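Structural characterization, general
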Amino acid sequence: MRTATVARKTNETDISVTLNLDGSGNSEISTGIGFFDHMLEGFSRHGFFDLKCRVKGDLEVDGHHTVEDTGIVLGQAMAKAWGDKKGIHRYGSFILPMDDALALCAVDLCGRPYLNYACNFPTERVGGLDTELVREFFYAVSYSAGMNMHLKMLDGRNAHHMAEAMFKAFAKALDMAVCREPRLTDVLSTKGSL
């Protein structure tokens, strides 16, 4: 089973993440930001990833360090869990509807980090989460995991639906990318490595 545990402690956050890429969608999430917990639970469930995430952050300042650092640690856990990437699809994409929202996510586990993000939320907050931190989270994940990610909101009016559609689209695209391809014995690259 492709699992990883990563812990990171700074003066701003204390984070532990355990990720199983071959799970069934079970999660135990505690970040101190209820809506962010909800997003990570959706990511876990819809990607069939087992995820344990314990975060203590300086929420008395704001949610920025908590959300960004969680993205860093989760991205590191992903890279550790998929290892040398032999035998996986490498690419994944998904368009996910959620009521008024329609989100597109495409990923390439190429080892070259890049985020192309396009979403304009209609509100500054959803629950306890600043909506500008959604981009910070995905930026941190993509760079820590060495992942090329394109994440775009194609339509939407409700910020809750929009954020949730993005996290779920990411989950589905990533699940597709990490799935094993029986025809592959090496990595999906003409270079021979990723």
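One can find the structure itself at the top, above this paragraph.
Right, let's walk through the structure included here.

Conventions adopted
- Residues numbered from 1 in each chain as written.
- Predicted model: local features only at pLDDT ≥ 70, side-chain atom pairs only at ≥ 80, totals over all residues.
- Heavy atoms only, no water.
- Pairing = 2+ DSSP bridges.
- Helix = DSSP H or I, 4+ residues; strand = E, 2+ residues; numbered from the N terminus.
- Axes fitted to C-alpha atoms, helices over the stretch in contact; angles between N-to-C directions.
- Contact = heavy atoms within 4.5 Å.
- Buried < 20%, exposed > 50% of the residue type's maximum accessible area, 1.4 Å probe, protein only.
- Core = buried A, V, L, I, M, F, W, Y, C linked by side-chain atoms within 4.5 Å.
- Patch = residues over 30% accessible without salt bridge, like charges linked within 9 Å, V, L, I, M, F, W, Y side chains within 5 Å.
- Areas by Shrake-Rupley, 256 points an atom, 1.4 Å probe, with all protein chains shown as cover.
- Salt bridge = Lys/Arg side-chain N within 4 Å of Asp/Glu carboxyl O.

A word on the sheet that holds strand β4 (residues 50-57)
On the basis of which strands lie adjacent, the open sheet formed by four strands has the order β1-β2-β4-β3 and mixed pairing. The two strands at the open ends of the sheet, each matched to only one other strand, are β1 (3-9) and β3 (27-30). Pairs of neighbouring strands in the sheet enclose a mean axial angle of 5°, with direction left out of account. Contacting β3 and β4, helix α1 (residues 34-47) crosses the sheet at an angle of about 160° to β3. Packed on one face of the sheet, helix α2 (residues 64-82) meets β1, β2 (13-20) and β4 and runs near 145° to β1.

Observations concerning the side chain of E164
Mapped onto the elements, E164 comes out in helix α4 (residues 159-178). Residue classification places E164 among the buried positions, given a relative accessible area of 8%.

Quick notes on the pairing of strand β7 (residues 114-118)
Only one face of β7 is covered, namely the one carrying L115 and Y117; the face carrying Y114, N116 and A118 has none of its residues buried. With five bridges connecting them, β7 and strand β10 (residues 148-155) associate as parallel partners. Bridge pairing links Y117 to L151 in β10.

A look at the sheet that holds strand β5 (residues 91-98)
One open sheet accounts for four strands, arranged β5-β6-β10-β7; its pairing is mixed. The two strands at the open ends of the sheet, each matched to only one other strand, are β5 and β7. Across the sheet, the mean angle from the axis of one strand to that of its neighbour is 10°, orientation sign disregarded. The strands touched by helix α3 (residues 132-145) are β7 and β10; relative to β7, the strand with the most contacts, the crossing angle is about 160°. Relative to β5, α4 is tilted by about 150°, and along the sheet it contacts β5, β6 (101-108), β7 and β10.

As for the nonpolar core
Counting residues in each nonpolar core, the largest one holds 61 residues, and the members touching the most others are M78, F138, M147, M149, M166, F170 and L174. With 13 residues, the single largest contributor to this core is α4.

Some thoughts on a nonpolar patch on the surface
Together, Y114, Y139 and Y143 make up a nonpolar patch on the protein surface, roughly 290 Å² of accessible area in all. Along the chain, Y139 turns up in helix α3.

Here we look at unusual backbone geometry
Peptide bonds are mostly trans, and most non-glycine residues show a negative phi. Residues other than glycine seldom take positive phi values, yet F48 does so here, at roughly 60°. Exposure remark for F48: the relative accessible area of 41% places this residue in the partly exposed category.

What about the pattern of salt bridges?
One pass over the structure, following the stated rule, counts seven salt bridges. Between D22 and R2 there is a salt bridge, and its shortest N-O distance comes to 2.7 Å. Here D22 is found in the loop between β2 and β3, whereas its partner R2 is found in the segment before β1, with 20 residues between them in sequence. A salt bridge links R54 to E28, with the nearest nitrogen and oxygen atoms 3.5 Å apart. A residue pair is termed long-range when its members are at least 10 positions apart, and R54 in strand β4 and E28 in strand β3 qualify at 26 residues. Judged by its relative accessible area of 42%, R54 falls in the partly exposed class.

Some details on the pairing of β6
One face of the sheet, then the other: side chains in a regular strand alternate in exactly this way. Two strands pair when backbone bridges link them, and β5 and β6 are joined in this way by eight bridges, in the antiparallel orientation. Bridge assignment links P97 to a residue of β6, and that residue is L102. The antiparallel pairing of β5 with β6 creates a hairpin that spans two residues between the two strands, and D99 there sits at a positive phi of about 55°. Sheet topology places β6 next to β10; seven bridges connect them, and they run antiparallel. Residue pairing across strands places L104 opposite K152, the latter belonging to β10.

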